Amino acid sequence: MTAVEWNDGAPIYRQLKERVVAMMLDGVLRPGDALPSVRQVAAEYQLNPITVSRAYQELADDQLVEKRRGLGMYVTEGATARLMASERERFLREEWPMVLERIQRLGLDPKELLDPKSKWGQA
Amino acid sequence: MNTEIRNGSPVVVARGLRKAYKNKLALDDTRFEVPLGRIVGLIGPNGAGKTTALKAILGLVPFEGDLKVLGKDPRTQRDELMNDICFIADVAVLPRWMKVKEAIAFVAGVHPRFDEAKCRRFLEGTQLKPDLRVREMSKGMIVQLHLALVMAIDARLLVLDEPTLGLDILYRKQFYQRLLEDYFDEEKTILVTTHQVEEIEHILTDVMFIRDGKIMLDAPMDTLGERYTEVLVNADRVEAARALKPVDERALPFGKTVMLFDGADAARLGELGETRTPGLADLFVATMKGTYA
């Protein structure tokens, strides 16, 4: 059984949703993969099924999963692309301006940082 | 979906319940409702009236007031009601000489909605072999058998009174896991009392706190986070914080004070110190303060 720590900040259904999103971004859940049933998740994580349904419903509202009648929930074809797009957008809007500002303040050269031949350019 | 279920006709409606033992009121003008398709926790300190409330619902004690369970009065329609209700008490009563297979045959004989095959399926993979006697079982195994018997009955209301008392953590976890995986659905309702608040807090959809026979809190679990906030108040903000009327306050070492607020403005609380959503156990302790004083 997986040990799960819920934190006190956000509602549980949102934390569960974030967990599924993280699994999609990490490639653990891929388009076309089935999600475990509400019942399984509820039993495994000791959550009431209404909480689990709510998390799944939000994922469906975001078009990251879809219900296939009689079969359950599946990751949509476009889920990874959709998540990547929104994560990129968030990075460029929130994180990049701060990174850029720091690079400039420290007098670093972005070209050198990204040059594959320099020791900083290796990802 | 939440509201839809809550709006369905309630499984239990209690109004003005009153029950006095010798010199103590166990139910004191008690009123509550248990909606359909929910898992409701009835939580209170020892002697608060929990078991009396459950016994009233099951028609096991006389009381005054208005009580409808699945539309029936447990005082006068108990026999009909018992087809739709199941019950597990902390004092699990199974005769010590009885074998597993005899227990199954017995329930099959007395309960019209018992599914024998289902019960055997629940026991597959456990140590509860057909010829094992109750006297040879641990407390955990007895509860396991009890649960298998009860879950195989297609009842609409399941009442659990301290079902996991005295069980180790493995059995406790397994108990609720089975219940969620093999039993509960939106047509069923579970009413459970327990002291192990932290363990079931995420399983519950609704919670009721009872004290001295009165319901002190009755709310869906998902509204508690919006309603209650705990603030770690800095020493210099204590007076400002008190002005917002906390429902509870306790001092910590190193000059900080933890205050609990009910329905206060989140932005204003944020100015007082670090905030967090209290757990059910924190709310319970704050609500029951002074109970044993």
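Residues numbered from 1 in each chain as written. Chains lettered and ligands numbered in written order. Predicted model: local features only at pLDDT ≥ 70, side-chain atom pairs only at ≥ 80, totals over all residues.

A. Quick look at the overall build of chain A. Assigned secondary structure in chain A consists of five helices and two strands. Each helix and strand of chain A, ordered N terminal to C terminal, gives the series α-α-α-β-β-α-α. By the compact-globule yardstick of 14 Å for 123 residues, chain A is too spread out, its C-alpha radius of gyration being 19 Å. Sorting the 123 residues of chain A into buried and exposed places 22% on the buried side. Counted over contacts in chain A with a minimum sequence separation of 6, partners at least 24 positions apart contribute 49%. (Helix = DSSP H or I, 4+ residues; strand = E, 2+ residues; numbered from the N terminus. Rg over C-alpha atoms; globule rule 2.2 N^0.38 Å. Buried ≥ 20, exposed ≤ 12 C-beta atoms within 10 Å, placed from the backbone. Contact = placed C-beta atoms within 7 Å.)

B. The arrangement of the domain arrangement of chain B in detail. All names here are of chain B. With domains assigned, chain B is organised as domain 1 (2–212) and domain 2 (224–287). With centres defined by C-alpha atoms, the gap from domain 1 to domain 2 works out at 35 Å. Opposite the six residues of domain 1 that make contact, domain 2 presents five residues. Of all elements in the fold, only α8 (197–200) and β8 (206–211) reach the threshold of two or more residues within the side of domain 1 that touches domain 2. Taken together, the residues of the side of domain 1 that touches domain 2 break down into four nonpolar, no polar and two charged. (Domains from an automatic or database assignment. Nonpolar A, V, L, I, M, F, W, Y, C, P; charged D, E, K, R; others polar.)

C. Spatial organisation of the interface of chain A and chain B. At the junction of the two partners, chain A supplies 15 residues and chain B supplies 17 residues. Put simply, the parts of the chain that give the side of chain A that touches chain B at least two residues each are α2 (38–45) and α3 (49–61) of chain A.

D. Representation of the pairing of strand β10 (residues 228–233) of chain B within the structure. All names here are of chain B. Within β10, five of the six residues are buried, which leaves the element mostly enclosed by the surrounding structure. Two elements, β10 and strand β12 (residues 257–262), share six bridges in a ladder whose sense is antiparallel. Considered in β12, the bridge of Glu230 is made with Leu260. Relative to strand β13 (residues 273–276), β10 is paired through four bridges, and the arrangement is antiparallel. For Leu232, the partnering residue across the bridge sits in β13 and is Glu274. (Pairing = 2+ DSSP bridges.)

E. Structural context of the sheet that holds strand β7 (residues 189–193) of chain B. Residues and elements named next belong to chain B. Pairing is mixed in the open sheet, where six strands are placed in the order β5-β6-β7-β3-β8-β9. The sheet is open, and its two borders are formed by β5 (85–88) and β9 (214–220), each paired with just one other strand. For this sheet the average axis-to-axis angle between neighbouring strands, irrespective of direction, equals 15 degrees. Of the strand pairs in this sheet, β8 and β9 are connected by six bridges, and their pairing is antiparallel. Looking across to β9, one finds that Phe209 is bridged to Leu217. Sheet strands in contact with helix α12 (residues 280–287) are β3 (39–43), β8 and β9, and its direction is about 25 degrees off that of β8. (Axes fitted to C-alpha atoms, helices over the stretch in contact; angles between N-to-C directions.)

F. Quick look at the packing of helix α6 (residues 139–151) of chain B against helix α7 (residues 169–183) of chain B. Residue and element names in this part refer to chain B. At a closest axis distance of 11 Å, the pairing of α6 and α7 adopts a crossing angle of 10 degrees. Between α6 and α7, the angle is such that the two are roughly parallel. The residues of α7 that touch α6, namely those facing Gly140, Val143, Leu147 and Met151, are Tyr171, Phe175, Arg178, Asp182 and Tyr183. Here the residues of the contact of α6 with α7 sort into six nonpolar, one polar and two charged. (Parallel < 35°, antiparallel > 145°, perpendicular 65-115°, else oblique.)

G. Focus on the domain arrangement of chain A. Residue and element names in this part refer to chain A. Assigned domains of chain A: these are domain 1 (12–75) and domain 2 (79–114). On a C-alpha basis, the centres of domain 1 and domain 2 stand 29 Å from each other. Across the boundary between the two partners, domain 1 contributes seven residues, which contact five residues of domain 2. With three residues, the single largest contributor to the side of domain 1 that touches domain 2 is helix α1 (residues 12–25).

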